Amino acid sequence: MSTPVDDNGHQMLASSFSRKNPNRQYSIKTESGLSRASTATTSSNSSSSSSIRYPSDSTNLTGFSIEQYLSNTPLPPPPSQQQQYHSLANNNNHSNNMELSDDHFDIIDSLNYDDVDDGLIDHEMVHRRRETLVHQLLTSEQAYFESLQVVSNVFIEPLKKDAKQSSFSFLGMKKMICTERETRWLFGNFEEILHVHHEILISLEERLRIWGPTQIISDVFQSWFARMGTYKAYLDNYSIAVTTYERLTRYQPFKKFIDNAHKDAQLKGATLLALLQTPAGCISRYAQLMTRIADATSPMHPDYVQLLQCKQRIVSIAEEMKAKIDDADNVDQVLMIHQALIGAPFGVKAQRRLVLQSSMSISGEERIYILFSDILVFVRPKQDGNRTLLQFKGMVPLERARLKPVHPNTIEITSPFQGVDTLNTTFVASSQAHVLQAESQEDRDRWMERLQKVIANLDRASAKSANKRRVVQARSKDSRSSTSSDRT
């Protein structure tokens, strides 16, 4: 089975067929909803659900689910009853047009040709539908493995080679593109995933070489499940990878390397960031396709029971991964917002998450309030051609902040000004108040709830950090006292 092709007949990478619109822009959302494809199938009759991913501005920001890409190949229609009767009549008419007696027709009727043909046709359609789904799995796996190989060939290997060569260069002779540590942060266990899917693809291709109507495939699926743990490590590192990429793109040697690499024909228009985002959708793709293959398998098939078990297992794995996949989606949304911001005095943080955002009207001017997990930002949207930019207008620090509902639609946020003195201790200066005017009381209550949670989390984290500093200082003091007593 060949790799998917686009409208011009060119082959597509996995990142290409999973992101449809290359010009997706920042869009206002009242909830920080989930965006990466996720599956939650609970029974053989339940349908898998997927939702659009939100990668960054430098990638295609609108995707479509794997089910849209992997649509069923239309099956040829079964022969009509009229065609069957014509065939039957032709097979029983002699060239001399001899007449048939009533006894002959009685014999033909007793054979029940119609029932036999319908059963065979239904059986053939079930087999072909199942075979189509298995080949769709193979096609998507080939495209996915190709995208993993491209990342290794075009990005990982050249960066490793450059790091080794730069380490032997004289000081100041050549600027390193990125350090070995930054390469590990950027790609995580990407090479381990590449190795896993090389073995998965081999096992799938070997089974399809001996494919037939009664061939089983559940044993192949079962051999994959133990390897899905590699995605937990990848998703745990995902926020670090994305923020490392964003930071490195502001470093000229790395930016120059990326710009040149993106011209490589192997990428077929994909970007490094898009390819780094692709693995997060792999588990959902498996859950959708294995579910469809199990549902398309006849209960009389020798692989039916085992396929149902595979379906349950992969859906269970997808549910376990759901929180990590949703978090990766949130990281993508935060990056997309940061790339649209103009004049913001802060950068991307690996720990920052999007909590809530909505559009409000302040003195007749449209403003968008964006609540992150550590700060409240308000911006003014502006159009730059086909792209929506976010002009930074201000922010409200939320650590130790206090909330007060003033009117049915209004919240007053009192945020202390904090700083660090020469003794490295926190001090609090004059308070700052900001009024947030929601569209309705229901909207105000939602903002109150989310703001209270964010402030409570920040206060807990601050107290934990302060306790940790006191412990470290106490240990350091004890260590110095012990050293002093030993000397005396």
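Going by the structure above, here's the rest.
Residues numbered from 1 in each chain as written. Predicted model: local features only at pLDDT ≥ 70, side-chain atom pairs only at ≥ 80, totals over all residues. Heavy atoms only, no water.

Some thoughts on the overall build of the protein
Reasoning step 1: Tallying secondary structure elements over the protein gives 15 helices and eight strands in all.
Reasoning step 2: Across the 488 residues in the protein, those meeting the buried criterion constitute 44%.
Reasoning step 3: In the protein, the share of contacts with a sequence separation of at least 24, taken over all contacts with a separation of at least 6, comes to 69%.
Reasoning step 4: Approximately 26,200 Å² of the protein is accessible, and the part contributed by carbon and sulfur atoms is 51%. (Helix = DSSP H or I, 4+ residues; strand = E, 2+ residues; numbered from the N terminus. Buried < 20%, exposed > 50% of the residue type's maximum accessible area, 1.4 Å probe, protein only. Contact = heavy atoms within 4.5 Å. Areas by Shrake-Rupley, 256 points an atom, 1.4 Å probe, with all protein chains shown as cover.)

A look at the sheet that holds strand E1 (residues 341-342)
Reasoning step 1: Sheet architecture is open: five strands sit in the order E1-E5-E4-E3-E2, paired in mixed fashion. Each edge of the open sheet is held by one strand with a lone partner, namely E1 and strand E2 (354-362).
Reasoning step 2: Sheet strands in contact with helix H14 (residues 304-340) are E1, E2, strand E3 (365-372) and strand E5 (387-397), and its direction is about 100 degrees off that of E5. (Pairing = 2+ DSSP bridges. Axes fitted to C-alpha atoms, helices over the stretch in contact; angles between N-to-C directions.)

Describing the pattern of salt bridges
Reasoning step 1: According to the stated counting rule, one finds 18 salt bridges in the structure shown.
Reasoning step 2: Between Lys268 and Glu146 there is a salt bridge; the shortest N-O distance is 2.7 Å. Separated by 122 residues along the polypeptide, Lys268 in the loop between helix H11 (252-261) and helix H12 (272-277) and Glu146 in helix H5 (residues 113-167) bring together distant segments of the chain.
Reasoning step 3: Classification of Glu146 as buried rests on a relative accessible area of 18%.
Reasoning step 4: A salt bridge links Lys255 to Asp259; the nearest nitrogen and oxygen atoms lie 3.1 Å apart. Here Asp259 and Lys255 lie together in helix H11, a separation of four residues that amounts to about one turn.
Reasoning step 5: Under the relative-accessibility criterion, Lys255 is labelled partly exposed at 37%.
Reasoning step 6: Bridged by salt links that share partners, the residues Lys349, Arg352 and Asp374 form one connected network. (Salt bridge = Lys/Arg side-chain N within 4 Å of Asp/Glu carboxyl O.)

Comments concerning the packing of aromatic side chains
Reasoning step 1: Evaluation of the coordinates by the stated rule reveals nine aromatic pairs.
Reasoning step 2: Geometrically, the ring pair formed by Tyr234 and Tyr238 is tilted, given 6.5 Å between the ring centres and 55 degrees between the ring planes.
Reasoning step 3: The buried category is assigned to Tyr234, whose relative accessible area is 4%.
Reasoning step 4: In this structure Tyr238 comes out as buried when scored by relative accessible area, which is 2%.
Reasoning step 5: Measuring from centroid to centroid gives 6.5 Å for Phe254 and Phe257, while their planes differ by 45 degrees, and the two rings are tilted. Taken together, the residues Phe254 and Phe257, both in helix H11 and three residues apart, mark about one turn of the helix. A single burial state applies to Phe254 and to Phe257, both of which are buried.
Reasoning step 6: Every member of this aromatic cluster is reached through a ring pair, and the members are Phe155, Tyr245, Phe254 and Phe257.
Reasoning step 7: Cation over ring: Arg352 sits above Phe372, and NZ or CZ is 5.7 Å from the ring centre. (Phe/Tyr/Trp six-rings, centres within 6.5 Å; stacked < 30°, edge-to-face > 60°. Lys NZ or Arg CZ within 6 Å of the ring centre and 35° of its normal.)

Digging into the nonpolar core
Reasoning step 1: Grouped together as the largest cluster of nonpolar side chains are 71 residues, with contacts concentrated most on Phe155, Phe187, Phe221, Trp224, Leu272 and Tyr286.
Reasoning step 2: A total of 13 residues in this core trace back to one element, the largest contributor, which is H5.
Reasoning step 3: Sequence-distant contacts of Phe221, that is, excluding residues within four places in its chain, are made with Leu137, Met290, Ile293, Leu307 and Cys310.
Reasoning step 4: Formed by 19 residues, the second largest nonpolar core is a distinct cluster that contains Val355, Ile411, Leu436 and Val454. (Core = buried A, V, L, I, M, F, W, Y, C linked by side-chain atoms within 4.5 Å.)

Considering unusual backbone geometry
Comment: phi is negative for the bulk of residues other than glycine, and the bulk of peptide bonds are trans.
Reasoning step 1: The backbone of Lys268 sits at a positive phi, close to 55 degrees, despite the residue not being glycine.
Reasoning step 2: On the accessibility criterion, Lys268 (30% relative accessible area) is partly exposed.

Section: helix H8 (residues 218-225)
Reasoning step 1: For H8, the complete set of buried residues consists of Ser218, Val220, Phe221, Trp224 and Phe225. The buried side chains of H8 occupy one side of the element, clustering within an arc of 160 degrees when seen end-on. (Arc of directions from axis to C-beta.)

A few points about the environment of Val379
Reasoning step 1: Structurally, Val379 can be placed in strand E4 (residues 375-384).
Reasoning step 2: Judged by relative accessible area, Val379 falls into the buried class, the value being 0%.
Reasoning step 3: The spatial distance from the C-alpha of Val379 to the C-alpha of Gln391 is 5.3 Å, given a sequence separation of twelve residues.
Reasoning step 4: Leaving out residues up to four positions away in the same chain, Val379 has contacts with Leu341, Glu366, Arg367, Ile368, Ile370, Leu390, Gln391, Phe392 and Lys393.

Details of the packing of helix H6 (residues 180-187) against helix H10 (residues 238-248)
Reasoning step 1: Remark: H6 packs on H10, axes separated minimally by 6 Å, with the N-to-C direction vectors making an angle of 125 degrees. Considered as vectors, H6 and H10 are oriented oblique to each other. Across the interface between the two elements, Glu182, Trp185 and Leu186 of H6 pack against Ile240, Ala241, Thr244, Tyr245, Arg247 and Leu248 of H10.
Reasoning step 2: Grouping the amino acids of the contact of H6 with H10 by side-chain chemistry returns six nonpolar, one polar and two charged. (Parallel < 35°, antiparallel > 145°, perpendicular 65-115°, else oblique. Nonpolar A, V, L, I, M, F, W, Y, C, P; charged D, E, K, R; others polar.)

What to know about the pairing of E5
Reasoning step 1: Sheet analysis places E1 next to E5, joined by two bridges and oriented parallel. Among the inter-strand pairings, Leu341 is bridged to a residue of E5, identified as Leu390.
Reasoning step 2: Across ten bridges, E4 lies against E5 in antiparallel orientation. Its bridge partner lying in E5, Gln383 is registered against Thr388.
Reasoning step 3: The antiparallel pairing of E4 with E5 creates a hairpin that spans two residues between the two strands, and Gly385 there sits at a positive phi of about 70 degrees.

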